[in-house]
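# Examination of the molecular architecture
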Amino acid sequence: MSDITREMFDRYYFPLFTPPAFIPVKGKGSRLWDQENREYIDFSGGIAVNSLGHCCDGVVEALTVQAQKLWHVSNLMTNEPVISLAKRLVDLTFADKAFFCNSGAEANEAAFKLARRYALAKHGEDKNEIISFIQSFHGRTLFTVSVGGQDHYSDGFGPKPTAIRHIPFNDPKALEEAISEKTCAVVMEPIQGEGGIIPADPDFMKLVRQLCDKNHALLIYDEVQTGCSRTGDFFAYMHTGVAPDILTTAKGLGGGFPIGAVLATDEVAAVFTPGVHGTTFGGNALACAVADKVISIISAPEFLEGVRAKSKIFFDRINDLGAKYDCFSQIRGRGLLIGAVLSDKYQGRSGDLLKICAKNRLLVLVAGKNVLRIAPALNIAEDEIEAGMKLLEKSVAEFVAG
Ligand SMILES: *Cc1c(COP(=O)(O)O)cnc(C)c1O
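Residue positions are given per chain, counting from 1 as you read along its sequence in written order. Only residues with pLDDT of at least 70 get local features here, since the model is predicted, and only at 80 or more are side-chain atom pairs given and counted; chain-wide, interface and lining totals rely on the full set of residues. As a rule here, side-chain values cover all heavy atoms of the structure and leave hydrogens and water aside.

## So, empty space enclosed by the protein
Note on definitions: the grid is 1 Å and covers protein atoms alone; a cavity is a set of points where a 1.4 Å probe fits but cannot get out; a pocket is an open set with protein on both sides within 12 Å along at least five of seven lines; lining residues have an atom within 4 Å of a point. Grid points are joined across faces, edges and corners, and a volume is the space filled by probe spheres set on the points. Tallied over the full model, the rule gives three cavities of 30 Å³ or more. Together, Ser-136, Phe-137, His-138, Gly-139, Thr-144, Val-145, Gly-148, Gly-149, Gln-150 and Tyr-153 line the largest cavity. Its residues assigned to classes, the lining of the largest cavity comprises three nonpolar, seven polar and no charged. For this classification, the nonpolar set comprises Ala, Val, Leu, Ile, Met, Phe, Trp, Tyr, Cys and Pro, the charged set comprises Asp, Glu, Lys and Arg, and every other residue, Gly included, is treated as polar.

Below, the structure written as structure tokens:
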């Protein structure tokens, strides 16, 4: 038995998080076990990160093989995995070039700096405004949290970076009014994740592209959460066919190993010349070898087919549950990024439902106070879905019983 206890977390860790009473110690697929060897079904996927579940054999092998060869040499040298991963992502997307870092926030930080630098180089220093959307989330560095559209995350750290405008999502008129020749970039999530699993209207996505082109502004897609096969397409933008100039991704990219990426066209990437931006750890051989393996699996057409099939099971089952218990007003999202909106009488109580689920040994997420979020491993097995759905029904029944 380990002498590590949950109480020690509160004693030794910054008081930023409030994890539940158990400590998971082992995972396989979409199952987890805690210190007492109790089993949990994982519908949370480490917040849309564990794209292939826990300890996927092929990924563990790629990690351990690379761990015996080479971990890190810095960007003073290159390495084989970083080149392989960059080529793979370029071959699969609109992009001509890739850059790697260690998280979603870092990817967005680099993307916003890239957009400002591109505008400066092409149009001069007056073109610096970034337009983003209310309820959006782009990370926790001071720049990314200020671009994000939820003030409560950025308040209290001022002075904030300037020349950032927040406008309502899916609102054509607001965008038409806000965008101008001063705009250097519009940044959007194809489906707002943290903001409540709110999909962008396909027509709105097309309008954003048109208005960016008209005003010589770059279009940035933040696919940190929606990317890497999460929505049943390799990237969510592929569903609408509207490509950006810059795309960021992270969460699912390393299947649980920290890595983020910025993808861009040659035209845009060209302004990031030596010394303009950098990173110590980004592009290290170990992270890139793991991500290269993950992407080789999750980008296959048969794999994406599987994600869409599992998605249908989840949507059907959660719809049935909502109808039976009259608890959800809407099920939204795509692929395996699913938001169940609590009906009016349960407003503000997503956290209570999450706690009941955890007590019943089902791990789920919330997206704000009114939305239950489910983002399981993309390869979750049917028996794991069944086991989890039983626990979800049990939890919903307890929840509505009060
Ligand atoms: C999670 C998330 C981020 C931040 O990623 P980190 O790795 O936590 O820095 C940025 N954008 C979106 C859309 C996200 O979901």
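Having seen it, we continue.
## Observations concerning the pattern of salt bridges
Salt bridge, as used here: a side-chain nitrogen of Lys or Arg that lies within 4 Å of a carboxyl oxygen of Asp or Glu. Per the counting criterion, the structure on display carries 26 salt bridges. In this structure, the salt-bridge partner of Arg-88 is Asp-292, at a minimum N-O distance of 2.7 Å. Taken together, the residues Arg-88 in helix 4 (residues 80-92) and Asp-292 in helix 12 (residues 285-298) connect sequence positions 204 residues apart. By relative accessible area, which is 28% here, Arg-88 ends up partly exposed. Where helices and strands are cited, they refer to DSSP runs of H or I of at least four residues and of E of at least two residues respectively, numbered from the N terminus. The buried label applies to any residue whose accessible area, calculated with a 1.4 Å probe on protein chains only, is under 20% of its type's maximum; exposed applies above 50%, and partly exposed to all values in between.

## Considering the sheet that holds strand 7 (residues 183-188)
When DSSP finds two or more bridges between two strands, those strands count as paired. Spatially, 4-12-11-10-7-5-6 is the arrangement adopted by the seven strands of the open sheet, whose pairing is mixed. Because the sheet does not close on itself, it has two edges, and the strands there are strand 4 (97-101) and strand 6 (164-167). Neighbouring strand axes in the sheet, compared pairwise and without regard to direction, differ in orientation by 20° on average. In the sheet, strand 5 (residues 129-133) pairs with strand 7 via three bridges, with the strands oriented parallel. Paired with Ile-131 across the bridge in strand 7 is Val-186. Contacts were defined at the residue level, with two residues in contact if any of their heavy atoms lie within 4.5 Å. As a rule, the C-alpha atoms of each element are fitted with a line to give its axis, helices using only the stretch in contact, and angles between N-to-C directions run from 0 to 180 degrees. Lying over the sheet, helix 4 contacts strand 4 and strand 12 (260-264), oriented at roughly 130° with respect to strand 4. Each of strand 4, strand 5, strand 6, strand 7, strand 10 (218-222), strand 11 (246-249) and strand 12 touches helix 5 (residues 104-123); the most contacted strand, strand 11, lies at about 165° to it.

## Here we look at the packing of helix 4 against helix 12
Between helix 4 and helix 12, the least distance of the axes is 8 Å, while the angle of their chain directions is 35°. As for how helix 4 packs across helix 12, the hand of that crossing is left-handed. Here Pro-81, Val-82, Ser-84, Leu-85, Arg-88, Leu-89 and Leu-92 of helix 4 come into contact with helix 12, specifically with Ala-285, Cys-288, Ala-289, Ala-291, Asp-292, Ile-295 and Ser-296. Looking at the contact of helix 4 with helix 12, its residues break down into ten nonpolar, two polar and two charged. Helix crossings are classified by the rotation of the near helix relative to the far one: an anticlockwise turn of less than a right angle makes the crossing left-handed, while a clockwise turn makes it right-handed.

## A short note on the layout of surface pockets
Roughly 700 Å³ of volume is contained in the second largest pocket. Looking at the second largest pocket, it is lined by 26 residues, and the ones nearest its centre are Asn-75, Ala-98, Phe-99, Phe-100 and Phe-272. Looking at the lining of the second largest pocket, the elements that each hand over two or more residues are helix 4, strand 4, helix 5 and strand 12. Considering each element in turn, the lining of the second largest pocket owes the most residues, four residues, to strand 4.

## Considerations on the domain arrangement of the chain
By the assigned domains, the chain splits into domain 1 (20-49 + 305-401) and domain 2 (58-298). The domain boundaries here were taken from an automatic or database domain assignment. Computed over C-alpha atoms, the centres of domain 1 and domain 2 are 28 Å apart. Two parts lose some accessible area (1.4 Å probe) when they are put together, and adding that loss for both gives the buried area. Buried area between domain 1 and domain 2, summed over both chains or domains, comes out near 1700 Å², and the portion from carbon and sulfur atoms is 58%. Taken as a group, Val-49, Arg-334 and Leu-337 account for 37% of the area that domain 1 buries against domain 2, more than any other trio of residues on that side.

## What about the nonpolar core?
Nonpolar side chains tend to gather and get buried jointly when the protein is soluble and globular. By convention a nonpolar core is built from buried Ala, Val, Leu, Ile, Met, Phe, Trp, Tyr and Cys residues, the set being connected through side-chain atoms within 4.5 Å. By size, the foremost hydrophobic cluster in this structure holds 80 residues, and its most contacted members are Phe-43, Phe-100, Met-188, Phe-314, Ile-318, Phe-328 and Leu-392. The dominant element in this core, judged by the number of residues it contributes, is helix 13 (residues 301-325), at eight residues. When residues of this core are assigned to domains, at least three map to each of domain 1 (20-49 + 305-401) and domain 2 (58-298). In contact with Phe-100, not counting residues within four places along its chain, are Val-82, Leu-85, Ala-86, Leu-89, Ile-259, Gly-260, Ala-261, Thr-279, Gly-282, Gly-283 and Cys-288. Within the second largest apolar cluster, 23 residues are counted, among which are Phe-112, Val-147, Val-268 and Val-271.

## Notes on helix 13
One less than the number of residues in a helix, times 1.5 Å, gives the span that helix is expected to have. In this model helix 13 runs 36 Å from its N-terminal to its C-terminal C-alpha over 25 residues, within 8% of the 36 Å that 1.5 Å per residue would give. Within the span of helix 13, buried status applies to Phe-303, Leu-304, Val-307, Lys-310, Ser-311, Phe-314, Phe-315, Ile-318, Leu-321, Gly-322 and Tyr-325. Of the surrounding elements, those touching the buried residues of helix 13 are helix 12, strand 13 (328-334), strand 14 (337-342), strand 17 (371-374) and helix 15 (382-401). Asp-326 sits one or two positions beyond helix 13 and adopts a positive phi of about 50°.

## Observations concerning the packing of aromatic side chains
Working definition: a ring pair exists when centres of Phe, Tyr or Trp rings (six-membered ring for Trp) sit within 6.5 Å. Plane angles under 30 degrees give stacked, over 60 give edge-to-face, the rest tilted. Under the counting rule described, the total for this entry stands at 14 aromatic pairs. Aromatic pair Phe-9 and Tyr-13: ring centres 5.0 Å apart, planes at 20°, arrangement stacked. Phe-9 sits in the partly exposed class, given a relative accessible area of 23%. For Tyr-13, a relative accessible area of 46% corresponds to the partly exposed category. The interplanar angle of 65° and the centroid separation of 5.5 Å between the aromatic rings of Phe-112 and Phe-143 together place this pair among those described as edge-to-face. Here Phe-112 is found in helix 5, whereas its partner Phe-143 is found in helix 6 (residues 142-147), with 31 residues between them in sequence. As far as burial versus exposure is concerned, Phe-112 and Phe-143 are alike and both buried. Aromatic rings pair up to connect Phe-94, Tyr-221, Phe-234, Phe-235 and Tyr-237 into one cluster. Counted as over-ring charges are cases with an Arg CZ or a Lys NZ within 6 Å of the ring centre that also lie within 35 degrees of the ring normal. Of note, Lys-26 hangs over the ring of Trp-33, and the distance from its end group to the ring centre comes to 5.0 Å.

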